[in-house]
Number of protein chains: 2
Amino acid sequence: MKLICEGLDLSDAVLKVIKATASRTTNPILEGIKLTASEDTLVLSATDLEISIEKTIPADVKIEGEVVVPGKIFADFIKKLSNEQIELSVTNQNTLKIKYTDSEGYLACMPAEEFPVIKQFTDGDSFTLSKFNLRDAINKTIFAAATDDSRPILKGCQFIVDNNEIIVAALDGFRVAQVKHNILSTSNKLKFVVPARSLGEISKLIDGDDEEITLYISNTYMMVTLGSTKIITRRLEGDFIDYTGALIKNPETTIIVNKKQLEYAIERASLLSRSINNNSITFDIKDRLLTVASNSDLGNVTENLTISLEGKDLLIGFNARYISDCLRNIDEEYIKVSFLSSIYPCSITSPDNDSFTFVVFPVRLYE
Amino acid sequence: MKLICEGLDLSDAVLKVIKATASRTTNPILEGIKLTASEDTLVLSATDLEISIEKTIPADVKIEGEVVVPGKIFADFIKKLSNEQIELSVTNQNTLKIKYTDSEGYLACMPAEEFPVIKQFTDGDSFTLSKFNLRDAINKTIFAAATDDSRPILKGCQFIVDNNEIIVAALDGFRVAQVKHNILSTSNKLKFVVPARSLGEISKLIDGDDEEITLYISNTYMMVTLGSTKIITRRLEGDFIDYTGALIKNPETTIIVNKKQLEYAIERASLLSRSINNNSITFDIKDRLLTVASNSDLGNVTENLTISLEGKDLLIGFNARYISDCLRNIDEEYIKVSFLSSIYPCSITSPDNDSFTFVVFPVRLYE
């Protein structure tokens, strides 16, 4: 292998694919980035067997070939060379020579044959929506996915694709996040679960809002192409949990409150309960006032917010973090919060539509 | 105690004095911030018994008094209130009420009598220099001070004040940093050592370049006033190490090299030796070329830099980090590096003057 490419192209590509390398693994090849030179391109690819990212850049290829470089060191090295023209060549089977200006480096490499094959596919189902809607659906749900391994399916987001819309949802037993968006077309009705971590990487790679994007679904994988970057992620096997029972249909109490004011009030209240009191805060809804309060050995905070209330007065407790996580992902100036009683979860939505619904389970009050 | 002040003033002051609170201590009062309300000001002060920072802000004082609040929680709380007008009052002996807009918090406090007295002094010696020179002398030396406790005096910077200049120096056994600057006046010839950490805090609080600043020295303390902020730091007892023998007077080899180019070359070379090879790199000086190289199981890097050379060729090894630390603190476009031989330390200076001198000890080469 021998080629010349621009340092800026190469460092951009390396920083994109490095996200798919495995960080804690007993198999060093998964920490590597595979370089493939052919015709007039260099393809960089990496995978941890769950997600794979592949990026193609222009290159002046003198000798075709492929090699696997250690991901982290190669990335650190190339990052410091982004203004130079770079010559990459494999000098013997296991060494990559990196030549720039008057200097050069040699990196010990791994054989390309050992790198896992990343399957691309064009058969199977597909659906198309706007980039904005895809990114919005991902960003408003992945934070609610589980992070521990006790129920692996909950580390993913469920996609339900109908003729006109998708419903994306994630939950971890303490809260649910659900987003609905219009789609442009689909080959079929679909239902599948994809790891939240993969979706996070996809979201970060989406640029531009107005364009369309098509997602391809096989029995085991989802694939998406963003310019010269191709991402393939494994689907999670198993049935997702039916969370629809947690969505409130006929609330007993509904309030409209300024989002930012509520966010700040919860932040301040939770400061005093964070480490000591399991981060619990209370919402006391009465007349046109929401009182957010916390109490611990360190002191107590009482925040009064003006609201518009429909229905009954209510006293209910929450873990502040779960409410804050939802609020952080909302752009609306005002939000609607609906309650059934102090032992049922609340729903947080826009006052105007049901494009997103966040459900947060309450905590028991000891008073 | 009862007063009203601006949230912006209060949060600015809290963020300044919090730096002097102790972070790991068995004495909780040292994690606190003392609030003292009298006449038309609120004074905030904190100390870990090594450094103390005191800041005065305007306040509408209704009832004079003092109290000690838990530093971290108070700071986190006030940070989130910077746009409001805040009323602080002590409701009973051990509780501070914080009132803002329609909301309020109560913080458990500590009695002010237990807070250590911070001694201010006006007798003793003093010297005056420009803010620019003080900050420059601090920033170019503190990085070289020792961070472990094996020789406590080396955790400080030595100040030698003469009629016209100060010499500030720090060292940790691997490198020395020395800065000389003109001063405007002094009461006496002085020699003292101050903890590098305290100097770092003073440097961060210095704003503006042109103004003068006066440092007051007693037998055990140094004091400096920056606007409405007063900083007092303990002096370190004991004799500083005489490092002047490490400064090269008659070099055998002297090179002039582009600072940025050398910095980048060392960064890349050290990538491959960082974890494996004790971070060692070699300088090979020959004709008009400096070759910076590293070698490890991961690979090797050879960087060639054009230099101007006076004297003999030389091959010498360094720990890359110690050279990088020095380069990071240099603004000059070109630097002069002087050597005696491969077993003596090198000196890094400006090509034009001796305002700063960095000395770095070599490592043995195994080749």
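## Some thoughts on the overall build of chain A
Counting secondary structure elements, chain A contains six helices and 27 strands. In terms of overall dimensions, chain A has a C-alpha envelope of 75 × 50 × 35 Å along the principal axes. For chain A, the residues scored as buried account for 41% of the 367 residues in total. By sequence separation, contacts in chain A at least 24 residues apart represent 69% of the contacts at least 6 residues apart.

## Looking at the pairing of strand 1 (residues 2–6) of chain A
Residues and elements named next belong to chain A. With burial as the criterion, only one face of strand 1 is covered, namely that bearing Leu 3 and Cys 5; the residues Lys 2, Ile 4 and Glu 6 on the opposite face remain uncovered. Across five bridges, strand 1 lies against strand 7 (residues 85–92) in antiparallel orientation. Bridge pairing in strand 7 places Leu 3 opposite Leu 88. Strand direction decides the pairing type here: strand 1 and strand 5 (residues 60–63), joined by three bridges, are antiparallel. Bridged to Lys 2 within strand 5 is Ile 63.

## A word on the nonpolar core
Ile 33 and Cys 157 of chain A together with Ile 33 and Cys 157 of chain B are the most contacted members of the largest nonpolar core, which has 200 residues in total. Not counting chain neighbours up to four residues away, the residues in contact with Cys 157 of chain A comprise Thr 141, Ile 142, Ala 145, Val 168, Ala 169, Ala 170, Val 193, Val 194, Ala 196 and Leu 199 of chain A.

## Observations regarding the relation of the copies chain B and chain A
Rotating chain B by 180 degrees about the axis while translating it 0.0 Å along that axis superimposes it on chain A, leaving an RMSD of 0.0 Å. What the superposition gives is, in effect, a two-fold axis relating one chain to the other. A symmetric contact is evident, with 100% of the interface residues of chain B recurring at the interface of chain A.

## Examining the packing of helix 2 (residues 71–79) of chain A against helix 5 (residues 259–273) of chain B
One way to put it is that helix 2 of chain A packs onto helix 5 of chain B with a least axis distance of 9 Å and a crossing angle of 175 degrees. Looking at the two axes, helix 2 of chain A sits roughly antiparallel to helix 5 of chain B. Contacts between helix 2 of chain A and helix 5 of chain B involve Ile 73, Asp 76 and Phe 77 of chain A on the former and, on the latter, Arg 268, Leu 271 and Leu 272 of chain B. Tallied by class, the residues present in the contact of helix 2 of chain A with helix 5 of chain B amount to four nonpolar, no polar and two charged.

## Some words on the sheet that holds strand 12 (residues 165–171) of chain B
In sheet architecture, strand pairing relies on hydrogen bonds along the backbone and comes in two forms, parallel and antiparallel. Residues and elements named next belong to chain B. Overall, antiparallel pairing links the nine strands, which are arranged 15-11-12-13-27-26-25-19-23 in an open sheet. The outermost strands of the open sheet, each flanked by one partner alone, are strand 15 (190–195) and strand 23 (308–311). Averaged over all adjacent pairs, the angle separating strand axes in this sheet is 15 degrees, with direction ignored. With four bridges joining them, strand 11 (residues 156–161) and strand 12 adopt antiparallel strand pairing. Paired with Ile 160 across the two strands is Ile 167, which belongs to strand 12.

## Comments concerning unusual backbone geometry
The backbone of Thr 101 of chain B sits at a positive phi, close to 40 degrees, despite the residue not being glycine. Topologically, Thr 101 of chain B is positioned in the loop between strand 8 (95–100) and strand 9 (103–108).

## Points about the domain arrangement of chain A
Domain boundaries assigned for chain A yield domain 1 (2–114), domain 2 (125–244) and domain 3 (247–360). Look at where the C-alpha atoms of domain 1 of chain A and domain 3 of chain A centre, and you get two points 49 Å apart.

## Describing the interface of chain B and chain A
Contact with chain B, which involves 25 residues of that partner, is made by 25 residues of chain A. Its residues placed into classes, the side of chain B that touches chain A shows 11 nonpolar, six polar and eight charged. Of the strand pairs in this sheet, strand 9 (residues 103–108) of chain A and strand 22 (residues 299–306) of chain B are connected by four bridges, and their pairing is antiparallel. Paired with Gly 105 of chain A across the bridge in strand 22 of chain B is Val 301 of chain B.

## Section: helix 4 (residues 196–205) of chain B
What helix 4 of chain B keeps buried is the set Ala 196, Ser 198, Leu 199 and Ile 202 of chain B. Across the axial projection of helix 4 of chain B, the buried residues extend over an arc of 155 degrees, all falling on one side.

## Notes on the confidence of the model for chain A
Parts of the prediction with low pLDDT should not have their coordinates interpreted in detail. Of all residues in chain A, 99% attain a pLDDT of 70 or more, and the chain-wide mean is 94. Model confidence for the complex is summarised by a pTM of 0.89, with the ipTM given as 0.84.

## Here's the deal with the pairing of strand 3 (residues 41–47) of chain B
All names here are of chain B. Summarising burial for strand 3: five of the seven residues are buried, a large majority. Of the pairings in the sheet, the one linking strand 2 (residues 32–38) to strand 3 comprises five bridges and is antiparallel in character. When the sheet's bridge partners are listed, Lys 34 is paired in strand 3 with Ser 45. The loop that links strand 2 with its antiparallel partner strand 3 comprises two residues; one of these, Glu 39, has a positive phi angle of about 50 degrees. When strand 3 meets strand 4 (residues 51–58), the two strands line up antiparallel, connected through seven bridges. Counted as the bridge partner of Ala 46 is Ile 53 from strand 4. Linking strand 3 to strand 4, which pair antiparallel, is a turn of three residues; within it Leu 49 sits at a positive phi near 80 degrees.

## Digging into the sheet that holds strand 5 (residues 60–63) of chain B
Read from one edge to the other, the open sheet built from nine strands follows the order 24(A)-20(A)-21(A)-22(A)-9(B)-8(B)-7(B)-1(B)-5(B), with strand pairing classed as antiparallel. Each end of this open sheet is capped by a strand with a single partner; those strands are strand 24 (314–319) of chain A together with strand 5 of chain B. In this sheet, adjacent strand axes meet at a mean angle of 20 degrees when their direction is disregarded. Where helix 5 (residues 259–273) of chain A meets the sheet, it contacts strand 20 (280–286), strand 21 (289–296) and strand 22 (299–306) of chain A together with strand 9 of chain B, and its direction lies at approximately 170 degrees from that of strand 22 of chain A.

## Examining the packing of helix 5 of chain B against helix 6 (residues 320–328) of chain B
All names here are of chain B. Interhelical geometry of helix 5 versus helix 6 gives an angle of 150 degrees and a closest axis separation of 10 Å. Regarding the angle of helix 5 to helix 6, the classification is roughly antiparallel. As for how helix 5 packs across helix 6, the hand of that crossing is left-handed. Contact residues: Lys 259, Leu 262, Glu 263, Ile 266, Glu 267, Ala 269, Ser 270 and Ser 273 in helix 5; Ala 320, Ile 323, Ser 324 and Leu 327 in helix 6.

## Some remarks on the environment of Ser 52 of chain A
Residues and elements named next belong to chain A. Here Ser 52 is to be found in strand 4 (residues 51–58). Classification of Ser 52 as buried rests on a count of 26 C-beta atoms within 10 Å. On a C-alpha basis, the gap between Ser 52 and Ile 118 in space is 7.1 Å, while along the polypeptide they are 66 residues apart. Ignoring anything within four residues of it in the chain, the contact list for Ser 52 reads Ala 20, Ser 45, Ala 46, Thr 47, Ile 118 and Ile 232.

## Observations concerning the environment of Val 301 of chain B
Tracing the backbone shows Val 301 of chain B in strand 22. Sequence separation of Val 301 of chain B and Ser 273 of chain B is 28 residues, and the distance between their C-alpha atoms is 9.5 Å. When residues no more than four places from it in sequence are discounted, the contact partners of Val 301 of chain B are Gly 105 of chain A together with Arg 268, Ala 269, Leu 272, Ala 293 and Ser 294 of chain B.

## Some details on the environment of Cys 346 of chain B
Residues and elements named next belong to chain B. Mapped onto the fold, Cys 346 is located in strand 26 (residues 346–349). When the C-alpha atoms of Cys 346 and Thr 253 are compared, they prove to be 9.6 Å apart, with 93 residues separating the residues in sequence. Discounting residues that sit within four places of it in the chain, Cys 346 has contacts with Val 337, Ser 338, Phe 339 and Val 360.

Rules used throughout
- Residues numbered from 1 in each chain as written.
- Chains lettered and ligands numbered in written order.
- Predicted model: local features only at pLDDT ≥ 70, side-chain atom pairs only at ≥ 80, totals over all residues.
- Helix = DSSP H or I, 4+ residues; strand = E, 2+ residues; numbered from the N terminus.
- Buried ≥ 20, exposed ≤ 12 C-beta atoms within 10 Å, placed from the backbone.
- Contact = placed C-beta atoms within 7 Å.
- Pairing = 2+ DSSP bridges.
- Core = buried A, V, L, I, M, F, W, Y, C linked by C-beta atoms within 7 Å.
- Least-squares fit on C-alpha atoms with pLDDT ≥ 70 in both.
- Axes fitted to C-alpha atoms, helices over the stretch in contact; angles between N-to-C directions.
- Parallel < 35°, antiparallel > 145°, perpendicular 65-115°, else oblique.
- Nonpolar A, V, L, I, M, F, W, Y, C, P; charged D, E, K, R; others polar.
- Domains from an automatic or database assignment.
- Arc of directions from axis to C-beta.
- pLDDT = per-residue confidence, 0-100.
- Left-handed = near helix turned anticlockwise from the far one by under 90°.

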